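Spelled out, the chains give:
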Amino acid sequence: MLIQENASLFPYNTFGIRCSAEYLAQFTSVSELQEILSQNKFHTQSKLLLGGGSNILFTKDFNGLVLLNEIKGIETVAEDPQSITLKVGGGENWHQFVSHCVSKGWGGLENLSLIPGKVGAAPMQNIGAYGVEQNACFIELDALDMISKSVVIFSKSDCHFGYRESYFKQKGKDRYAITSVTYKLNKHPKLNIEYGAIGQELDMMGVSTPTIGTVAQAVINIRSSKLPDPKDIGNSGSFFKNPIIENVIFELLKSNYPTIVAYPAQSGYTKLAAGWLIEKAGWKGYREGDFGVHKNQALVLVNYGNASGAEIIDLSNRIIDDVKLKFGVDLEREVNIV
Ligand code: EPU
């Protein structure tokens, strides 16, 4: 267990915001976390659990205790000829876990290759990409209730998963530390290659009979070409959600903008590509000082070096206002603002 005072959070957020935490503690087991939380000086402190810091924007220093999950390990809890069930430490790197499954021939999560962050953060916002969300393989998770300090098991229905949503972003916010997640992978997987860009990439790779390995590689190729690597340019992936609007409103928009990009959503609704709206509003590639909108993907706001969280929030507000003015559509932020 390592506890630092007045610690820089720069290495722990992929946006590369320079800010600090009053206390920063790393834990490698549930008992270490319980021990930290039992210390008198932390009883009244605000607490923030960081996964890979890949879906967070700090707008100020954090006056409280930041907890870094370093719980490692991939344990087999059940296996049969069809499937394998794995309990994974919340501190495992997500992409390394997915790659491990792909290398073993266990399918279900390959479309989620290269998503930054840690396993413990994946259920928090129900990460998704290329037609698959982590809840497709999710069985249950263990979380520590930071008030009672007891471990609580959450089933899939307890988590209330939605599009980039879960109980942990809503009612359970700031209360639970996800310590491990259990996933069931398929040994005879059905591939998800309906998402247009995957089919095109497989063709370009010359693959006629895809496998989970080639699908994972296609996803890695697409993501690497469109999304900035946080090691080079600070960012948190998609900054906004793709808005879901009523079909009647969509039909009106489509008559004005025939090239608008959209996907079917729940009955009576359509999901719009926010990237298209932001690009058409003229923001793609916009830069001011050290902050801006990525040149290849308008959903991604970027920090070129010394941008502050406040500058990025301000930019996001200007984009939200402009998209509302031009298209009448409300954009909602996906990233957690602290
Ligand atoms: N588009 C534009 N301009 C842009 C970006 C997108 O016109 O600058 C249009 C294009 O027509 C493109 C379509 O929007 O075909 C969809 O773009 P893309 O496939 O890049 O996906 P997205 O809707 O922008 C979502 C997720 C991503 C995920 C991809 C692939 C959200 C908020 N974002 O983005 O997730 O990787 O689909 O499945 O749902 C993340 O959450 O951080 C993230 C990167």
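Please refer to the structure higher up on the page.
The rules behind these values
- Residues numbered from 1 in each chain as written.
- Predicted model: local features only at pLDDT ≥ 70, side-chain atom pairs only at ≥ 80, totals over all residues.
- Heavy atoms only, no water.
- Buried < 20%, exposed > 50% of the residue type's maximum accessible area, 1.4 Å probe, protein only.
- Helix = DSSP H or I, 4+ residues; strand = E, 2+ residues; numbered from the N terminus.
- Arc of directions from axis to C-beta.
- Contact = heavy atoms within 4.5 Å.
- Pairing = 2+ DSSP bridges.
- Axes fitted to C-alpha atoms, helices over the stretch in contact; angles between N-to-C directions.
- Near = heavy atom within 4 Å.
- Polar contact = N/O pair within 3.5 Å; in protein donor to acceptor, adjacent residues only side chain to side chain.
- Areas by Shrake-Rupley, 256 points an atom, 1.4 Å probe, with all protein chains shown as cover.
- Nonpolar A, V, L, I, M, F, W, Y, C, P; charged D, E, K, R; others polar.
- Patch = residues over 30% accessible without salt bridge, like charges linked within 9 Å, V, L, I, M, F, W, Y side chains within 5 Å.
- Salt bridge = Lys/Arg side-chain N within 4 Å of Asp/Glu carboxyl O.

We now examine helix α1 (residues 30-38). Turning to α1, its buried residues are E32, L33, I36 and L37. Along the long axis of α1, the arc covered by the buried residues comes to 135°, so they all point the same way. Against the buried residues of α1 lie β1 (2-8), β2 (20-27), β3 (46-50), β5 (62-69), β10 (138-145) and β12 (176-186).

Here the focus is the sheet that holds strand β14 (residues 244-246). Across the sheet, which stays open at both edges, the three strands sit in the order β14-β16-β15 with antiparallel pairing between neighbours. Looking along the sheet, the strands with just one partner apiece sit at the ends: β14 and β15 (262-264). Strand-to-strand twist in this sheet, taken as the mean axis angle between neighbours without regard to direction, amounts to 35°. Bridge count between β14 and strand β16 (residues 269-272): three bridges; the pairing is antiparallel. Residue pairing across strands places E246 opposite Y269, the latter belonging to β16. Contacts between helix α5 (residues 247-256) and the sheet are confined to β14, β15 and β16, with β14 contributing the most and set at about 95° to the helix.

So, on to the side chain of D322. Here D322 shows up in helix α7 (residues 309-327). Owing to a relative accessible area of 14%, D322 belongs among the buried residues under this scheme. Those residues in contact with D322 that lie beyond four places of it in its chain are A281 and W283.

On to the sheet that holds β5, then. Reading across the sheet, the four strands line up as β1-β2-β5-β3 and stay open at both edges, with mixed pairing between neighbours. Only two strands of the sheet have a single neighbouring strand rather than two, namely β1 and β3. On average, each strand axis in the sheet is tilted by 25° relative to the strand beside it, whichever way the strands run. Note that β2 and β5 share six bridges and pair parallel.

Turning our attention to the site of the ligand. Within the structure, the ligand sits among 24 residues, and Y130, Y163, S238, E279 and A298 are positioned closest to it. Y195 places a side-chain nitrogen or oxygen 2.9 Å from an oxygen atom of the ligand. Relative to its unbound accessible area of 810 Å², the ligand is 84% covered by the protein chains. If you list the elements that add at least two residues to the shell around the ligand, you get β8 (128-129), α4 (212-226) and α6 (274-280). Take the shell around the ligand: its biggest share by element is three residues, from α6. Residues that form the shell around the ligand fall into these classes: eleven nonpolar, six polar and seven charged.

Moving on: a nonpolar patch on the surface. There is a patch of nonpolar side chains on the surface, built from Y195, V261 and Y263 and spanning about 230 Å² of accessible area. Take V261: it is sitting in the loop between α5 and β15. Given the relative accessible area of 31%, V261 is considered partly exposed.

Our next topic: the pattern of salt bridges. Under the definition given, this model contains 15 salt bridges. Residue D290 is joined to R287 by a salt bridge in which the shortest nitrogen-to-oxygen separation is 3.4 Å. Linking R318 and D314 is a salt bridge whose minimum nitrogen-to-oxygen distance equals 3.5 Å. Here the residue R318 and the residue D314 both occupy positions in helix α7, the gap between them amounting to four residues, near one helical turn. The exposure class of R318 is partly exposed, given its relative accessible area of 27%. Connected through shared salt-bridge partners, E70, K72 and K118 make up one network.

Let us now look at the side chain of S166. Examined against the element boundaries, S166 turns out to sit in the loop between β11 (151-155) and β12. Here the side chain of S166 touches M124 through a polar contact of 2.6 Å, landing on its backbone oxygen. The residues contacting S166, other than those within four sequence positions of it, are P123, M124, C159, H160 and F161.

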